[in-house]
Amino acid sequence: MYFITNLLKNIKIIIPLLICFLTFNLCANEADDFLSTTIAAEKGDVEAQFKLGLMYNNAQGVLNDFKQAARWYLKAAEQGHSKAQSNLALMYNMGRGVVQDDKQAFNWYIKAAEQGDVVAQKNLVFMYNEVGSVIQDHKQAFNWRLKIAEQGAADDQFNLGLMYRWGGKGVLQNAKQAGKWFLKAAEQGNEYAQSHLGVMYYDGIGLIQDYKEALKWYLKAAEQGHTIAQLTLAEMYHIGIGALQDDKQAFNWFLKAAEQGAISAEYKIGHMYSKGKGVIQDDKQGVKWYLKAAEKDHAGAQYNLGVMHESGKGVIQNHKQAVKWYLKAAKQGDADAQFNLGLMYYNGKGVIQEYKQAANWYLQAAKQGDVDAQFNLGLMYYNGKGIIQEYKKAVNWYLKAAEQGYADAQFNLGLMYYNGIGLIQDYKQAVKWYLKAEARGITGAQYNLGVMYENGKGVIQDHKQAVRWYLKAAEQGDVNAQYTLANKYFNGKGVMQSNKQSYIWNAIAAANGHKGALINRDLSAKNLLLRELEEAQEEATKLYEKISNNQIAVLKTTEGN
C-alpha cells in the first residue's frame, strides 16, 4: 500500500516522463531506470539513494529537483556514502535544494574526505585557504593537499611541489620535497612539473645541478607545447648548455614558442633571421618577426626594427620610421634606442636637428651606463651644444666612460688633466689616462706621451722614451708624430742622429700633408749623397705604403665591429 501511495504522490513526475516517451520515444529507458532506482532507494539501498540524488540533480529520467536531490543525497550520506556526502556538501556550499550553509558543507566535506573522496578533499583545501564559515587554517589545507597528492593526482602533486618550493601558507620551504613532488607529477606527464623540474636541475636547487637532466625535462615539457620550456630549451641549444651548441635546434624551438605568440621568441626569431643563425639569413623575415614582437611592445624588437629602417635592411630605408621605433623603445628605457635617438636628433636624421633633444636622450642612456652616450654627453658639455657649456660635467661624463674602458674618453680626460680644464691641472693624471688610451690604440695618446717624456711633465724627462712613443704614433699614421720624429733624428735627441731617417719621416709626414715636413724634407735631402737619397726615398715609399695599409686594415676592423 505504501508503494502505491508513494507512486501516486509522484504522479506529477511520471506524467512528464510519459510525454517524453510519446514525443521522443527515447526516454523510456531513463523512465524505467528512474522507477527501479526509486524502488531500491525507498528500500534503503544506499547506492540507489545516491543514484536517485544524481538523477534529480541532473534531470535524468525526471525533472530537475534540487530539493529531492539533496533529500536522497542526505539518506545515502547518513549511511556513510562518501560521494553522497561530498555532493551534499556541495549543495550546502551553493545553496541548492537546501539553505546555503558553509558549516554544514564543511562537516559533510570532512566526512567524505576522511573516506578518501578526492573532490571533498580538494574543496576542503579551498575552504581552509579561504576566509569563510570555517576557521582559515593553511596547515590543514596543506595536510589535505598532501593526502590528495599521495593518491597520485599529478596536478595536485605539482601544486604540492609549488607549495614546498616557495613555502608559506602552512608549509616551510623545502626544495628537496619540492623536487620530489615535481618528479612524481613530471613522470605522469604533467608539463608544468616537467618545466619546474628543468628549472631545479638547471639552477641546482633541491637537486644536484645537472644541465643534461634540465634539458631532458625541458624537452618533455616543450614537446607538450609548454611555451616557457620551449624558450628555455631554445636558449640552452643557442648557448650550448646541456647539449652541443646548435643554432638550428635553437631556431626550431624559438619558432614553436613564437608560433604560440611568445613575444621574446618572436624577437629571437627576428634576430636569428637578421644574423643568419640557425637559418638562412633573411632581413625581410627578420623585419617580419621583429614587427610582431615590436607591436606587442618588446623594446629590443622596437630598437632593432629602428636599426633595420635606418640601415634599409629588409625594408626601404626610412629615417622617420627608424625614429618612430627608436622612440617607442627609448620610452621603455632601452638605452641603445635612447642613444640612437640622440644621434638622430644630433644629425637631423628623420627629425629636425635639435641638440637639446639629442642631449636629453644621451642623458637618459648615459644614466643607464651606455658608454657611447656618456662620451657624447661629455662632448656636448665640453662644446656647449644643446646645453650650457660646463667643463666639470664634461669631465664627469668622460670619467664614467673612461672607467668603462672607452679609449676616446680616456684620451680626452688626459687632455683635460693636462690643460687643467674642468679640474685642477695634474700631469701625472694626464699621463695615467694617456697610457690607458694608448693601450687601446689611440695614436694621439702615444704622441702626447712622447711630449710628456720630452718635457718631463708627469714623468721624469726621458728623450729616449719620448722617441719610443713618437715612433709608435708615427707608425700608426700620426702626422705630428712623424714630423716630430724626423726632427729628433735630425737633432740626434733621444736617438742617434740620422739625416737619412730624418728625410724618411719628413717625406712621410709631407706626403700626409704636413707643411713644415715638406720644408724639412728638402733640408734633410741636402745632407745626403745622391745614392743615400735614393735609398731613403725607396725606404720612405715602402714605409709609407706599410703605414697606409695598416691604417686601412684598422679602419676595416673598426667598421666590422
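1. Description of the packing of aromatic side chains
- Evaluated as defined, the whole model comprises 18 aromatic pairs.
- When the ring of Phe 158 is compared with that of Phe 182, the centres are 5.8 Å apart and the planes differ by 35°; the resulting orientation is tilted. Note that Phe 158 is positioned in helix H10 (residues 154-166) and Phe 182 in helix H11 (residues 175-187), a separation of 24 residues in sequence. Here Phe 158 matches Phe 182 in class, with each residue buried.

2. Describing helix H8 (residues 118-129)
- If you check H8, its first and last C-alpha atoms are 17 Å apart, about what 12 residues at 1.5 Å a residue would give, namely 16 Å.
- Taken together, the buried positions of H8 are occupied by Ala 120, Gln 121, Leu 124, Val 125, Met 127, Tyr 128 and Asn 129.
- Structurally, H8 contributes buried residues whose contacts are with helix H6 (82-94), helix H7 (102-114) and helix H9 (138-150).
- Backbone nitrogen of Val 119 and a side-chain oxygen of the N-cap are separated by 3.3 Å at the start of H8; the cap is Asp 117.

3. With respect to the confidence of the model for the chain
- When pLDDT is averaged along the chain, the result is 90, and 92% of the positions lie at 70 or above.
- Ranking the elements of the chain by mean pLDDT puts helix H1 (residues 2-9) last, at 30, and helix H19 (residues 319-331) first, at 98.
- Overall, residues 555-561 carries pLDDT values under 50, and its contacts beyond four positions in sequence, including any with other chains, amount to 0 contacts.

4. Some details on helix H29 (residues 499-511)
- Spanning 13 residues, H29 covers 18 Å between terminal C-alpha atoms, matching the ideal 18 Å at 1.5 Å per step.
- Of all 13 residues in H29, 10 are buried; the element is thus mostly enclosed.
- Taken together, the buried positions of H29 are Asn 499, Ser 502, Tyr 503, Ile 504, Trp 505, Asn 506, Ala 507, Ile 508, Ala 509 and Ala 510.
- Among the residues trailing H29, Gly 513 stands out with phi positive, at a value near 100°.

5. Quick notes on the packing of helix H25 (residues 427-439) against helix H26 (residues 443-455)
- The N-to-C vectors of H25 and H26 enclose an angle of 145°; their axes lie 8 Å apart at closest approach. For the element pair H25 and H26, the recorded crossing hand is left-handed. Along the contact surface, H25 presents Tyr 427, Ala 430, Val 431, Tyr 434, Leu 435, Ala 437 and Glu 438, while H26 presents Ala 445, Gln 446, Asn 448, Leu 449 and Met 452.
- In terms of residue class, the contact of H25 with H26 is made up of 9 nonpolar, 2 polar and 1 charged.

6. What to know about the layout of surface pockets
- Here the second largest pocket is characterised by a volume of approximately 240 Å³.
- Residue assignment for the lining of the second largest pocket shows that the elements contributing at least two residues are helix H16 (263-275), helix H17 (283-294) and helix H18 (299-311).
- In terms of residue count, H18 provides more of the lining of the second largest pocket than any other element does, 5 residues in total.
- Looking at the lining of the second largest pocket residue by residue, the classes come out as 4 nonpolar, 5 polar and 3 charged.

7. What to know about the environment of Tyr 382
- Tracing the sequence through the fold places Tyr 382 in helix H22 (residues 371-383).
- For Tyr 382, a relative accessible area of 28% puts it in the partly exposed group.
- Counting along the chain gives 10 residues from Tyr 382 to Lys 392, while the straight-line C-alpha distance between them is 8.6 Å.
- Apart from the residues lying within four places of it in its own chain, the contact partners of Tyr 382 are Gln 389, Tyr 391, Ala 394, Tyr 398, Met 416 and Ile 421.

8. Details of the pattern of salt bridges
- Per the counting criterion, the structure on display carries 14 salt bridges.
- Two residues, Glu 213 and Lys 216, come together in a salt bridge whose shortest N-O distance is 3.7 Å. Remark: Lys 216 and Glu 213 occur in helix H13 (residues 211-223); sequence separation between them is 3 residues, near one turn of the helix.
- Judged by its relative accessible area of 23%, Glu 213 falls in the partly exposed class.
- Salt-bridge contacts for Arg 521 lead to Asp 522; the nearest nitrogen and oxygen are separated by 3.2 Å.
- Connected via shared salt-bridge partners are Lys 500, Arg 531, Glu 535 and Glu 539.

9. Here's the deal with the side chain of Ser 195
- On the secondary structure map, Ser 195 appears in helix H12 (residues 191-203).
- Excluding its chain neighbours within four sequence positions, the residues that come into contact with Ser 195 are Tyr 218, Ala 221, His 226 and Ala 229.

10. So, the side chain of Thr 484
- Tracing the backbone shows Thr 484 in helix H28 (residues 479-491).
- One polar contact links the side chain of Thr 484 to the main-chain carbonyl oxygen of Asn 480, over a distance of 2.7 Å.
- When residues no more than four places from it in sequence are discounted, the contact partners of Thr 484 are Tyr 447, Glu 454 and Tyr 470.

11. Focus: unusual backbone geometry
- Of note in this structure, Ala 59 is not a glycine but carries a positive phi near 60°.
- Relative to the assigned elements, Ala 59 resides in the loop between helix H4 (46-58) and helix H5 (66-78).

12. A short note on the environment of Ser 36
- Turning to its location among the elements, Ser 36 is positioned in helix H3 (residues 28-42).
- The spatial distance from the C-alpha of Ser 36 to the C-alpha of Leu 52 is 9.9 Å, given a sequence separation of 16 residues.
- A polar contact is formed between the side chain of Ser 36 and the backbone oxygen of Asp 33, at a distance of 2.9 Å.

13. Topic: the packing of H29 against helix H30 (residues 515-526)
- Look at H29 against H30: their axes get within 8 Å of each other, and the N-to-C directions meet at 150°. Taken together, the axis directions place H29 and H30 in an arrangement best described as roughly antiparallel. For the pair H29 and H30, the sense of crossing is left-handed. Of H30, the residues touching H29 (which contributes Asn 499, Ser 502, Tyr 503, Asn 506, Ala 507, Ala 509 and Ala 510) are Ala 517, Leu 518, Asn 520, Arg 521, Ser 524 and Ala 525.

Definitions and cut-offs
- Residues numbered from 1 in each chain as written.
- Predicted model: local features only at pLDDT ≥ 70, side-chain atom pairs only at ≥ 80, totals over all residues.
- Heavy atoms only, no water.
- Phe/Tyr/Trp six-rings, centres within 6.5 Å; stacked < 30°, edge-to-face > 60°.
- Helix = DSSP H or I, 4+ residues; strand = E, 2+ residues; numbered from the N terminus.
- Buried < 20%, exposed > 50% of the residue type's maximum accessible area, 1.4 Å probe, protein only.
- Expected span 1.5 Å × (residues − 1).
- Contact = heavy atoms within 4.5 Å.
- Polar contact = N/O pair within 3.5 Å; in protein donor to acceptor, adjacent residues only side chain to side chain.
- pLDDT = per-residue confidence, 0-100.
- Axes fitted to C-alpha atoms, helices over the stretch in contact; angles between N-to-C directions.
- Left-handed = near helix turned anticlockwise from the far one by under 90°.
- Nonpolar A, V, L, I, M, F, W, Y, C, P; charged D, E, K, R; others polar.
- 1 Å grid on protein atoms, 1.4 Å probe; cavity = no way out; pocket = protein on both sides within 12 Å on 5 of 7 lines; lining within 4 Å.
- Points joined across faces, edges and corners; volume = space filled by probe spheres on them.
- Salt bridge = Lys/Arg side-chain N within 4 Å of Asp/Glu carboxyl O.
- Parallel < 35°, antiparallel > 145°, perpendicular 65-115°, else oblique.

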